[in-house]
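Tertiary structure, described
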Amino acid sequence: AETLHQQVLEARERTLGPDHPHTLASLNNLALVLKARGSFAQAEPYARRAWESMRRTAGPENPDTLKCLNNLANLLSDKGDYVAAESLYHQLVDTLEAQVGPEDPATLAGQGNLANLLLRKGDPWSAGSIYRRCLEIRERVQGPAHPETLLALNNYAAFQLETGSCAEAEFLFRRCMAARR
């Protein structure tokens, strides 16, 4: 996949130019493939270039720009660059809240990514309030059995376990399992 994405990127750069939306999609795709195989340092320049070019050409609030921003933040988070990733997640969530509202699934997904980062970097209490809010919104808007609601429930249960609330975590994990069955 990496070789094919590299070939497509080179062909698109040559024929469409470096800032064409298809070229930028290829940059982003190559970054995702490299990230998936754990080559974070190699993936970062592609992800960063895709986001910066998309932001410059399509605008900072364009849905494709926001996807590139989220992918870059995810990459930096997985790489362990929590400070940079947190800043990008905040930028993403702020833009989405202003653009589509705090209850939109895209906003909630961005908030979930931010909470995951906060938990990983050792700030469970900040993560917990986000997990709880996302779960409450998803239950109300999408219903208690929606797959994204169940993911939010699982994340909140994992937070409870991480902070030592084992009985609450077990209750939430069992509730999640029952709903998934």
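Everything below is about the structure shown above.
These lines cover the structure that appears in this document, whether it is placed above or below.

Each value, and the rule that gives it
- Residues numbered from 1 in each chain as written.
- Predicted model: local features only at pLDDT ≥ 70, side-chain atom pairs only at ≥ 80, totals over all residues.
- Heavy atoms only, no water.
- Helix = DSSP H or I, 4+ residues; strand = E, 2+ residues; numbered from the N terminus.
- Expected span 1.5 Å × (residues − 1).
- Buried < 20%, exposed > 50% of the residue type's maximum accessible area, 1.4 Å probe, protein only.
- Contact = heavy atoms within 4.5 Å.
- Polar contact = N/O pair within 3.5 Å; in protein donor to acceptor, adjacent residues only side chain to side chain.
- Axes fitted to C-alpha atoms, helices over the stretch in contact; angles between N-to-C directions.
- Parallel < 35°, antiparallel > 145°, perpendicular 65-115°, else oblique.
- Left-handed = near helix turned anticlockwise from the far one by under 90°.
- Core = buried A, V, L, I, M, F, W, Y, C linked by side-chain atoms within 4.5 Å.
- Phe/Tyr/Trp six-rings, centres within 6.5 Å; stacked < 30°, edge-to-face > 60°.

A few words on helix 8 (residues 147–162). End to end, helix 8 covers 22 Å across 16 residues, agreeing with the expected 22 Å (1.5 Å per residue, within 8%). Within helix 8 the residues assigned to the buried category are T149, L150, A152, L153, N155, Y156, A157, F159 and Q160. Considering only its buried residues, helix 8 is in contact with helix 6 (105–120), helix 7 (124–142) and helix 9 (166–180). G164, located one to two residues past helix 8, shows a positive phi value of around 90°.

Looking now at helix 4 (residues 63–79). The end-to-end C-alpha distance of helix 4 is 24 Å, a good match for the 24 Å that 17 residues give at a rise of 1.5 Å each. In terms of burial, helix 4 is a largely internal element, 12 of the 17 residues being buried. Among the residues making up helix 4, those that are buried are T65, L66, C68, L69, N70, N71, L72, A73, N74, L75, L76 and S77. Taken together, the buried residues of helix 4 touch helix 2 (21–36), helix 3 (40–58), helix 5 (82–100) and helix 6. With a side-chain oxygen lying 2.7 Å from the backbone nitrogen of D64, the N-terminal cap of helix 4 falls on N62.

When two helices pack together, their arrangement is given by the angle between the helix axes and by the axis-to-axis distance. Two numbers describe how helix 4 lies on helix 6: the axes approach to 11 Å, and their chain directions differ by 15°. By the angle between their axes, helix 4 is roughly parallel relative to helix 6. Crossing handedness for the pair helix 4 and helix 6: left-handed. Here N70, N74, S77 and D78 of helix 4 come into contact with helix 6, specifically with N113, L117 and R120.

What follows is about the nonpolar core. Of all hydrophobic cores here, the largest spans 43 residues; its most connected members are L72, L88 and Y131. Elements supplying a minimum of two residues to this core: helix 2, helix 3, helix 4, helix 5, helix 6, helix 7, helix 8 and helix 9. Here the element with the most residues in this core is helix 4; it accounts for seven residues. Filtering out sequence-adjacent residues up to four positions away, L88 remains in contact with W51, L69, L72, A73 and L76.

With respect to the secondary-structure elements, T65 resides in helix 4. The buried category is assigned to T65, whose relative accessible area is 1%.

Moving on: the packing of aromatic side chains. The tally for this structure, following the rule as stated, stands at three aromatic pairs. Seen from their ring centres, Y131 and F159 are 6.4 Å apart, and the 45° between their planes marks the pair as tilted. Of the two residues, Y131 is situated in helix 7 and F159 in helix 8; the sequence distance between them amounts to 28 residues. Grouping residues by exposure puts Y131 and F159 together as buried. Ring centres 5.7 Å apart and planes at 20° place the aromatic pair Y156 and F159 in the stacked group. Remark: F159 and Y156 occur in helix 8; sequence separation between them is three residues, near one turn of the helix. On the basis of relative accessible area, Y156 is assigned to the buried category, the value being 11%. Put simply, the rings of W125, Y131, Y156 and F159 pair up and form one aromatic cluster.

The analysis is restricted to geometry; functional conclusions fall outside its scope.
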